[in-house]
Amino acid sequence: KAGVTQTPRYLIKTRGQQVTLSCSPISGHRSVSWYQQTPGQGLQFLFEYFSETQRNKGNFPGRFSGRQFSNSRSEMNVSTLELGDSALYLCASSASLASTDTQYFGPGTRLTVL
Amino acid sequence: AQSVTQLDSQVPVFEEAPVELRCNYSSSVSVYLFWYVQYPNQGLQLLLKYLSGSTLVKGINGFEAEFNKSQTSFHLRKPSVHISDTAEYFCAVITQGGSEKLVFGKGTKLTVNP
């Protein structure tokens, strides 16, 4: 089974721009979660989608948004980029919403904001 | 809200030596506990998880962890490490019945020297 894929792997943007990141979950997985990883704050939960609906949300400003499509693929969008948004963005998929389900992570998209 | 503390940010060891990576969590309710590993330029891979039952959990690559409820700890151990174990290790927690996804510690960078 193919793993979680994320595109693109690397992105360079400038302040004020917006960016869209994509995540394809493992086949059959319906839950997709997004995390931000930075050296200062570590790994932080952004949001989770299941059946095209946002189910959980972390403590991030409204500039961070996402969506999920009927095939479970997910995108996250960051508008009005700030320097502090530079990070590794990780997507994880799991079979269901159950807390006991293992989350499988993709390789991440490294976003650099100049 | 729960939190996770990884007591050591960096742990250097020699090849074939034993290692223990420490993790303490703070939560007023029952939790599920996880250890993930991140190799350079890769996403996170699950090493092991504690859901219930035996407090000694065995994972992949020869790692094991022990859940200690009274000390709210979930330390990761390996009796003999290899160069290939060099990576960053993350302890994470999910509240049972809660809505948030994984809450991670800041990570421990394990460096195995020849």
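In what follows, the structure referred to is the one given above.
Right, let's walk through the structure included here. (Residues numbered from 1 in each chain as written. Chains lettered and ligands numbered in written order. Predicted model: local features only at pLDDT ≥ 70, side-chain atom pairs only at ≥ 80, totals over all residues. Heavy atoms only, no water.)

1. Structural notes on the state of the cysteines
Applying the stated rule across the entire model yields two disulfides over all chains. Disulfide pairing places Cys 23 of chain A opposite Cys 91 of chain A at an S-S distance of 1.7 Å. Residues Cys 23 of chain A and Cys 91 of chain A are joined through a disulfide that is left-handed, its torsion about the S-S bond being -50°. With Cys 23 of chain A in strand S3 (residues 19-24) and Cys 91 of chain A in strand S9 (residues 87-94), this residue pair connects regions lying 68 residues apart in the sequence. Like Cys 91 of chain A, Cys 23 of chain A is buried. The disulfide partner of Cys 23 of chain B is Cys 91 of chain B, and the S-S distance across this bridge is 2.0 Å. Given an S-S torsion of about -65°, the disulfide between Cys 23 of chain B and Cys 91 of chain B has left-handed geometry. In this pair, Cys 23 of chain B sits in the loop between strand S3 (19-21) and strand S4 (24-26) while Cys 91 of chain B sits in strand S10 (residues 87-95), placing the two residues 68 residues apart along the sequence. The same class applies to Cys 23 of chain B and to Cys 91 of chain B, which are both buried. (Disulfide = S-S within 2.5 Å. Helix = DSSP H or I, 4+ residues; strand = E, 2+ residues; numbered from the N terminus. Buried < 20%, exposed > 50% of the residue type's maximum accessible area, 1.4 Å probe, protein only.)

2. Section: the sheet that holds strand S8 (residues 74-78) of chain A
All names here are of chain A. If you walk across this open sheet you meet the four strands as S1-S3-S8-S7, and the pairing is antiparallel. Two strands in the sheet have a free side with no partner beyond their single neighbour: strand S1 (5-7) and strand S7 (64-68). Pairs of neighbouring strands in the sheet enclose a mean axial angle of 20°, with direction left out of account. Of the strand pairs in this sheet, S1 and S3 are connected by three bridges, and their pairing is antiparallel. Residue pairing for S3: Thr 7 is matched across the bridge by Ser 22. (Pairing = 2+ DSSP bridges. Axes fitted to C-alpha atoms, helices over the stretch in contact; angles between N-to-C directions.)

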